[in-house]
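Each chain, letter by letter, is given below.
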Amino acid sequence: MKIEEMSAAALREAVLNKELSCNDIVKAYFERIDKVESKVDAYLTLCREEAFKKAEEIDEKIAKGIPVGILAGIPIAVKDNICTDGVRTSCASIMLEDFIPPYDATVIKKLREEDAIIIGKTNMDEFAMGSSTENSAFKKTKNPWDLSRVPGGSSGGSAAAVGSLSAALALGSDTGGSIRQPASFCGVVGLKPTYGLVSRFGLVAFSSSLDQIGPFSKTVEDSALLLQVIQGNDDLDSTSFKGDIKTDYMSSIKDGVKGMKIALPTEFFQEGLNSEIHQAVKDSADLLKEMGAEIYEVSIPITNEGLSAYYMISSSEASSNLARYDGIRYGYKTTEYENIDDLMIKSRTEGFGPEVIRRIMLGTFALSSGYYDAYYNRAQKLRKKMKEEFKKVFGEFDLILSPVTPDLPFKIGEHSEDPLSMYLGDIYTVNINLAGLPAMSMPIKVSKNNLPIGLQIIGPEFGEDKIFKAAYALEKKLSLDYLRRDI
Amino acid sequence: MKIDKSTVDYIAKLAKLSLTDEKSEKMAKEFEAILTHFQSLNNADLDDVKIDYKDNIKPVFRKDETSVFEDKKKLFQNAKSLEGSSIKVPKIIE
Amino acid sequence: MSFETIIGLEIHAELKTKSKIFCSCSTEFGAPPNAHTCPICLGLPGTLPVMNEEVINLAIKAGSSLNCRINNLSKMDRKNYFYPDLPKAYQISQYDLPVCSGGYVNIESDGITKKIRLNRIHVEEDAGKLVHLETEPYSLIDYNRVGVPLVEIVSEPDLRSVDDAVLFLRTLKSILEYEGISDCRMEQGSLRCDANISIRKTGAQELTTKVEIKNIGSFRELQKALEKEEKRQRELYTYGEDYKIIQETRRWDSGKGRCVPMRSKEDAHDYRYFPDPDLLPVYVSEDKVKGIKESLTELPKDKYNRFITEFKIGEKEAEILIDDILLSSYFEKAVSLGGNPKAILNWILGDLLKLLKGKEYIDSIPVPAEELNKLISLINDGKVSSTQAKEVFEFMFNEGKSAEDVIKEKGFTQISTGDEIEKIISQVLFDNEKSVQDYKSGKKQAFGFLMGQIMKASKGKVNPAAAKKILEEKLM
C-alpha cells in the first residue's frame, strides 16, 4: 500500500514502530500533491517548507526517544477559514487575500501540540457561504471522482484533499452542512460535532451560533482520532462546552450495534430524493439490522419553519460578523477613495464576492426590518422547540439515519435549481445545526455513474461515541475501497 | 409585501456596500422572499415555548488578570498604513 | 408664562478593573498608542470575547450603592454601527436586559432633599480614540481604549435646574469613587457625561423635544453648556418660536462657548440590536448579590454626617473633605492612628490643600498620615515651631522624607531649653540695655521688642513660650 493510501491510524503505527519516518510521509504526500493538485485544485496555500521542517523535528525527537504526540507525522490540511499563525488565511476571499493571522486557532494549537503536520490551507466557498466551493474568489476545486463536478461546499477543498489522497486528514467547518455535504460528494468521512464540543476560537465567524469545526478522514477510526485531539473546553470560547465530555472514543468504537435503536424518519424519504441514494440508505439500514440494530421508520416533525429560522439566524449573524472588514486594520483596501467612508464602502464592495454581499444585505435587512425584534425571538423559540423534539426522539432512539444530499454531485456551473431538491438538501442538514446535534457523513455506495453516495448518521447531544460505533460497524461490513488512486 | 429600491439602498448604506441599480432591483426581490420566511415563522405554533435564558444558568467568566501580547509588530502586520504605532486613516471630521 | 427646565443625564464611567472587559489587556491610562491591544480587542477575524467577572461585580456594586434593582439575569447584545474607532463594527453592550434597573440618587439642594431617579445601569465596552491633527490630512487611531469596561448610568429627566444637574453628577461621582467602582476622572475620560435638556411650560405633563449635548469635558463645562442651551431654548419659548427646537445633538464647543449643532451623522441610528451569540447570559445568584451589597463601604453622605457628629467639624469643612476621596480617607487614617482631628483638619485644609493645588492630579498624598501626626506631636513637644513646621511640611511633601529627617537635614530645630537659650537671651539683653531700662521703667512694649530681638537672634529657632518664661525671669 502506498503511503498516501494509508489511514492516519496506520501511519501513526508505522511512525511509532519506526517503519516510516515523518519525512517519508511528508515526502510522499507532496509527491502526490505535485501529481494531482493541478487537476483537483484543493489547496490555496501549501506549507511545504514548514511541513518538512516539522517532520525533521519530530523525527529527531523519535530518534532521541522523546515521546511524541498522537498525530505525530500525520499530514493534515486545514480549511482556509481557520487561523494559522504566520500562514495566510484568506477564507477564499479577496478581502483577506493577504491576511496573515498573528495567532493560531485553538484547534491548530492542539494539532501542533500533538505533532500533526499542517501541509496546507484548503479552498472553500468564500467566508463559508455556499455549497459547491464555486464561490471561492481564487479557484474552483474539482471532485476527485469526476473532475467536471463540484466537490461540494463550503469545505470543498478539505474534502477533495482527503478524497484525492492529498492529505491524510483535514479540518473543515459546518454551519448548515458544509462538512457533511462535501464529505458525501467526495466519498470521505466528515463529522460535524455537537455545537460547543470543539472551540471556535480562531475560526473566522460566519454564523456564530451554528458554526462548528470538524474532521475529514478516510476512515471512521481516523475521524474519532482527530476529534479526540481537537475537542474540549476552551477558556477563550464562551460557547465551548464546559461540562464533562467523552475523551476516549477508541475504547468503544468496535463495540458494534447490537441492540441499538435507529430511526429512519419518513419525512426524509419523499419526492425529490434521488432513487439511488434512497436505495443506498435503505440498504445501509438493512445492513445495520443484520448486525443487530433495530430499525424503525418513524415520523419526526421536521418542518419548514426550521429553514426559515436558519436563514434568518445565519444571515443576521453573518451580516454582523462580517462588518469588521473595512480595510482599516487588515484586509483588502481600495486604492482610490475620497474620505474614510468611501474607503470603507469601496473596500467592502470590491473585497467581497456576490454571494457574500447578498447574505450581508439579507442579514442587515432581517435585523433592521423592524420585524427582527419579534421574529428573532420566534426563531429562537423554534430552535428550542426543535431541540426539545429531537431530544424526545433521542429519548427513544440512539441514532437517526438520513441521506446527506438529495442529489449526486452536480457538474460545475450547473447548480441544481429544482426547488424540491434544494429544499430537501437543506432539510437534511440545517435542522441539525439548529438543534446543535452531531452528525456524520460516511460513504456507503457508489452510484451507477461512479459517484459516491453518503449516509448521514445523526446522534444525540455529545453522542459522538454512538455515531462512531455505528459508522465503524457499517464501514467494516461494507468493506469498501474508495481510494481515488488515479485522478 | 413589496420592497422598493429605496429600501435596498438604505440597507446598502447601513451595511457600507454599494450596489448597482440592477443589483438593487434584484435584491429587492430577495428581500421580499425573506419576508415570506418571517411569515412562515409567524405561523408556527410556538405558544408553549418559553425563552427566558434560564436554560443556561452557568455563566462563563474570566478572572480580572492582565497579560500582554508582546509582539506588537506581528499584531499590526496586516495594517496597510501606520504612523508610529497608530493606525492612519483619511481625516475624519467629527 | 413661566417655563421649567427638564434635564436628564447619561453618564459613562470606566470601571476600575485591571484588565479589559473581554480580553486580558491592561486598562491602564496613558500608555503609548496601541500598547494595550491584542487580537481579541482588535477584533481580528476568528477572535471571541469572554466576560471579565470583576466587571459584573462592580456593576452590581454600582447598582447597589445607587438603590437599583439588581437583575439576576442579564444579557449582552450587539449594537451594530460603523466607525473607525470600533474594530468589530459593533459594540457589545446591553439592550433590553441590563444588569441594574431603576435606582435613585438623593441630592440636597435649596434646603430640601430631591430624589433623582435612575432608569438603568448597564455594562458595555468602550471604543478606541481618534486623534485629529489640525494640519494633516489624516487621523490616527489608538485602540488602547477599546474594550475598557464602562457602566452607562441613565437618569430619568428628573432634574429641574442646571445647578441640580451639576450637583447630581458630583454626588454620583462621589458615590462611584467611594465604592471603588471608578476613578471618575473627567480629564482622563474615566467619567463622561452627556446631557439631555428641554423646556416646557410650568405645569405641563408631557415632555417636549429634547436636545442632546455632547463633548462635555468637566463639571465647569457641564454648567456652562447647560446654561447656554437652557438660555437658547427659553428664549425661543418666550418668543413663541419653540417649534424651532428640533431633536438633535449639539456639541459643546468650549472655544466658541456655545453648543454647536453636529453635522448629522448619516441618519442611521439603526443599531440592529440582537443578543451576542458569542456570549452566554450573565447570571448572578442572590447570594452573590448579597455578598456584594455587604461589601459596600460607607456612602459619602453618611461619612459626611459622621464626620460632623463624631469629630465635631464644621459643615463647610466636612464638605471639602468629602468632596475629595483622597482627603477624607487621609483624614480618617490620621485620626485612626491617634491624631487630633482638629489639628489634622487644619493641616489638611490649610497647607496640604495649598500644596495639592499646585500639583496636577496625583493618586495619593505624598505625606503618609503617620508622618503628619508625627509632625504635629513634634510641634506640641516644642521640638519645632509652628512657623518652621510649615516649611518642614513642604519639604516632606516635595521630597517624601519623614519629619525627623527633614528637621535634621535642614537644621530646623527649636531651641527650648538649656544653655543656648540662656546665651541668646543674655546676649540680647546685653545688646539692648536701653530696652531693658524702658521695660523696667514701665514701658511694657519693650518686652515685645526684646522678644522680637530674641527671635531674630535665634533665627526663629527659639521656642517662644520658653524664651518668654526665661526673659520674664531675667527681667525680674
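What you are looking at is a predicted structure, and each value in this text was computed from that prediction instead of being measured. (Residues numbered from 1 in each chain as written. Chains lettered and ligands numbered in written order. Predicted model: local features only at pLDDT ≥ 70, side-chain atom pairs only at ≥ 80, totals over all residues. Heavy atoms only, no water.)

**Some points on the overall build of chain B**
So, step 1. Counting its regular elements, chain B contains three helices and three strands.
So, step 2. Tracing chain B from N to C terminus, the helices and strands come up as α-α-β-α-β-β.
So, step 3. A compact globule built from 94 residues would reach a C-alpha radius of gyration of about 12 Å, whereas chain B, at 23 Å, exceeds it by more than 25%.
So, step 4. Projected onto the principal axes, the alpha-carbon positions of chain B cover approximately 55 × 45 × 25 Å.
So, step 5. Every one of the 94 residues in chain B was classed for burial, and the buried ones make up 38%.
So, step 6. Taken as a whole, chain B presents about 5,800 Å² of accessible surface, with 51% of it coming from carbon and sulfur.
So, step 7. Once the 18 positive and 18 negative side-chain charges of chain B are each reduced to a mean point, those two points are 8 Å apart. (Helix = DSSP H or I, 4+ residues; strand = E, 2+ residues; numbered from the N terminus. Rg over C-alpha atoms; globule rule 2.2 N^0.38 Å. Buried < 20%, exposed > 50% of the residue type's maximum accessible area, 1.4 Å probe, protein only. Areas by Shrake-Rupley, 256 points an atom, 1.4 Å probe, with all protein chains shown as cover. Lys, Arg positive; Asp, Glu negative; His and termini not counted. Charge placed at Lys NZ, Arg CZ, Asp CG, Glu CD.)

**Topic: the sheet that holds strand E6 (residues 90-93) of chain C**
So, step 1. Spatial ordering of the open sheet is given by E6-E5-E17 (chain C), a layout of three strands whose pairing is antiparallel. In this open sheet, the two edge strands, each paired with only one partner strand, are E6 and strand E17 (274-275) of chain C.
So, step 2. Bridge analysis of strand E5 (residues 77-80) of chain C against E17(C) gives two bridges, and the strand direction is antiparallel. Looking at E17(C), one finds that Asp77(C) is bridged to Pro275(C).
So, step 3. Across the sheet, helix H9 (residues 305-321) of chain A lies against E5, E6 and E17 of chain C, angled at about 60° from E5(C), the strand it touches most. (Pairing = 2+ DSSP bridges. Contact = heavy atoms within 4.5 Å. Axes fitted to C-alpha atoms, helices over the stretch in contact; angles between N-to-C directions.)

**Brief notes about the interface of chain B and chain C**
So, step 1. Each partner contributes residues to the interface: chain B has 35 residues there, and chain C has 52 residues.
So, step 2. Together chain B and chain C conceal approximately 4,000 Å² of surface at their shared face, both sides included; 60% is due to carbon and sulfur atoms.
So, step 3. In this structure, the connection of chain B to chain C is made through one salt bridge.
So, step 4. A salt bridge links Glu53(C) to Lys63(B); the shortest N-O distance between them is 3.3 Å.
So, step 5. Between chain B and chain C we count 25 residue pairs in polar contact (both at pLDDT 80 or more) in total.
So, step 6. Those elements that provide at least two residues to the side of chain B that touches chain C are helix H1 (5-14), strand E1 (61-62), helix H3 (72-75) and strand E3 (86-90) of chain B.
So, step 7. Partitioning the side of chain B that touches chain C into residue classes produces 16 nonpolar, five polar and 14 charged.
So, step 8. Two strands pair when backbone bridges link them, and E3(B) and strand E11 (residues 138-142) of chain C are joined in this way by four bridges, in the antiparallel orientation. (Buried area = accessible area lost by both parts, 1.4 Å probe. Salt bridge = Lys/Arg side-chain N within 4 Å of Asp/Glu carboxyl O. Polar contact = N/O pair within 3.5 Å; in protein donor to acceptor, adjacent residues only side chain to side chain. Nonpolar A, V, L, I, M, F, W, Y, C, P; charged D, E, K, R; others polar.)

**A look at empty space enclosed by the protein**
Empty pockets left among the atoms are what a rolling probe the size of a water molecule brings to light.
So, step 1. Within this structure, the stated rule accounts for eight cavities of 30 Å³ or more.
So, step 2. Looking at the largest cavity, its volume works out to about 120 Å³.
So, step 3. There is about 70 Å³ of room inside the second largest cavity.
So, step 4. By residue class, the composition of the lining of the second largest cavity is five nonpolar, three polar and two charged. (1 Å grid on protein atoms, 1.4 Å probe; cavity = no way out; pocket = protein on both sides within 12 Å on 5 of 7 lines; lining within 4 Å. Points joined across faces, edges and corners; volume = space filled by probe spheres on them.)

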